[in-house]
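# Architecture at a glance
What follows is the residue order along each chain.
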Amino acid sequence: MQLLSVLNQLVPKSPEPIGSEKSAGDLCGLSIISRSGSRAPSWEYRVVLCMQGSFGDSRVSTDIYMKWLKDYCEAFYYGLTVRILSPVPVSHTGCAFRVNEYTHNLQIHAGHLLNYLKKKKPKDAFCIVGVTMIDLYPRDSWNFVFGQASLTEGMGIFSFARYDSDFYSANYKGKLKTTKKLSPADYSVFDGYYTPELSSKLLLRSCKTLTHEIGHIFGLHHCQWLQCVMQGSNHLEEADRRPLDLCPICLRKLQSALGFNIMERYQVLQKWIEDGVNETEAGLSNDGRAALQKPVEAFKESYDWIVKCLHVLQK
Ligand SMILES: [Zn+2]
Ligand SMILES: [Zn+2]
């Protein structure tokens, strides 16, 4: 149990209280609506994941991708229950959309999606988080936004569209070929719209974003201590440099909110990655599900870190 005592020593004597954040902006590329007061912690933490549009090329891949994210969030926020709501077609949200004049891809109005999520948030949920593979914009004059959150309301909407390795390339498949004028009520343009391949890098970036943003909803600030998933970032390259997991200080803060056993948490995180490796080795491709195996190659470095931590804890 050596690491535990090290962790305790690393925690500043007067850590910032969870839930005291009051920021109008955020360096992680998000619009954050400021919060005031603190959220009373309860043992019934529940996160609800809601999906707009689809992931991959079918309903099956959407469901599986959401399940990977749900399981990851439950391991990361160990002790927390995550529930997935049924995927919502963009047309059901009634939100505005446009084609970006520079990148020529479809974008949805983030604020309208937040309004939609607000109506969908169950009363017993700590937060509701919407995710989409379609790019977002916060207002007409803005080029794009990775996501938008309301900490006071406990909700956020995040897009993984720009995590596609091809997004900034000339042959990005999400560019609309036609320049026809879009009608505000005609959502048929979203039918069969391009969604990126469910790659390991996309999954890694999705996991990092979700846990970072839910961390903000928990009241965790940007970490200035060590290498940490809660570090702020100004662009994708910087976000990629962040590790997948929390530094000991932020981990201790989260532990004080959720009360988990640190070793158990590492074990479930380890298992989440191992399940992906095992699926690949078991050759599930035999029944044609090759594309649906959890791609975890990009998690190698994170896996090694978990193994190291467990090694210290088990001494
Ligand atoms: Zn952030
Ligand atoms: Zn940290």
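Parameters at a glance
- Residues numbered from 1 in each chain as written.
- Chains lettered and ligands numbered in written order.
- Predicted model: local features only at pLDDT ≥ 70, side-chain atom pairs only at ≥ 80, totals over all residues.
- Heavy atoms only, no water.
- Helix = DSSP H or I, 4+ residues; strand = E, 2+ residues; numbered from the N terminus.
- Buried < 20%, exposed > 50% of the residue type's maximum accessible area, 1.4 Å probe, protein only.
- Contact = heavy atoms within 4.5 Å.
- Areas by Shrake-Rupley, 256 points an atom, 1.4 Å probe, with all protein chains shown as cover.
- Salt bridge = Lys/Arg side-chain N within 4 Å of Asp/Glu carboxyl O.
- Donors = N, O, S within 2.8 Å, 3.2 Å for Na, K, Ca; no water.
- pLDDT = per-residue confidence, 0-100.
- Phe/Tyr/Trp six-rings, centres within 6.5 Å; stacked < 30°, edge-to-face > 60°.
- Lys NZ or Arg CZ within 6 Å of the ring centre and 35° of its normal.

## Some remarks on the overall build of the protein
Along its length, the protein carries nine helices and nine strands. Looking at the protein as a whole, 52% of its 315 residues are labelled buried. Expressed as a percentage of contacts within the protein between residues at least 6 apart in sequence, the contacts between residues at least 24 apart total 71%. As presented, the protein carries roughly 15200 Å² of accessible surface, and 52% of it is formed by carbon and sulfur atoms.

## Observations concerning the pattern of salt bridges
In total, this model carries eight salt bridges according to the counting rule given. The partner of aspartate 71 in a salt bridge is lysine 67, with the nearest N and O atoms 2.7 Å apart. Remark: lysine 67 and aspartate 71 occur in helix H2 (residues 59–76); sequence separation between them is four residues, near one turn of the helix. For aspartate 71, a relative accessible area of 24% translates into the label partly exposed. Overall, lysine 67 belongs to the partly exposed group, its relative accessible area being 41%.

## Quick notes on the coordination of the zinc ion (ligand 2)
Around the zinc ion (ligand 2), the donor atoms from the protein are Cys223 (SG), Cys228 (SG), Cys247 (SG) and Cys250 (SG), and they sit 2.3 Å away. Mapping the donors of the zinc ion (ligand 2) onto the primary sequence yields the spacing C-x4-C-x18-C-x2-C. Of this pair, cysteine 228 sits in the loop between helix H5 (200–218) and helix H6 (236–241) while cysteine 247 sits in the loop between H6 and helix H7 (248–258), and the two are 19 residues apart along the sequence. Classification of cysteine 228 by relative accessible area gives buried; the value is 0%.

## Quick notes on the confidence of the model for the protein
For the protein, mean pLDDT is 80; residues scoring 70 or higher make up 77% of the total. Ranking the helices and strands of the protein by mean pLDDT puts helix H9 (residues 300–313) first, with 96, and helix H1 (residues 2–10) last, with 32.

## Concerning the environment of leucine 269
Assignment of secondary structure puts leucine 269 in helix H8 (residues 262–281). Under the relative-accessibility criterion, leucine 269 is labelled buried at 2%. Sequence-wise, leucine 269 and serine 302 are 33 residues apart; in three dimensions their C-alpha atoms are separated by 9.6 Å. Beyond its immediate stretch of four places on either side in the chain, leucine 269 contacts Tyr72, Ala75, Phe76, Asp245 and Ile306.

## What to know about unusual backbone geometry
Backbone geometry at histidine 104 places phi at a positive 60 degrees, although glycine is not the residue there. When you line up the elements, histidine 104 lands in the loop between strand S4 (97–99) and strand S5 (106–109).

## Concerning the environment of isoleucine 84
With respect to the helices and strands, the residue isoleucine 84 is situated in strand S3 (residues 81–84). Relative accessible area serves as the criterion here: at 32%, isoleucine 84 is assigned to the partly exposed category. Taking the C-alpha atoms as reference, isoleucine 84 lies 9.6 Å from leucine 69; in sequence the two are 15 residues apart. Excluding residues within four positions of it along the chain, isoleucine 84 makes contact with Leu49, Met66, Lys67 and Lys70.

## Here's the deal with the side chain of aspartate 245
One can find aspartate 245 in the loop between H6 and H7. The residues touching aspartate 245, leaving out its near neighbours within four places in the chain, are Phe76, Cys228, Val229, Arg265, Tyr266 and Leu269.

## Overview of the packing of aromatic side chains
For the structure on display, the rule yields 16 aromatic pairs. Seen from their ring centres, phenylalanine 97 and phenylalanine 190 are 5.1 Å apart, and the 75 degrees between their planes marks the pair as edge-to-face. Taken together, the residues span a long stretch of sequence, with phenylalanine 97 in strand S4 and phenylalanine 190 in the loop between strand S9 (155–159) and H5 at a distance of 93 residues. Each member of the pair phenylalanine 97 and phenylalanine 190 is classed as buried. The rings of Tyr72, Phe76, Tyr77, Phe126, Phe218, Trp272 and Phe299 are connected pair by pair, giving a single aromatic cluster. Positioned over the ring face of phenylalanine 144 is arginine 162, at 3.6 Å from the centre of the ring.

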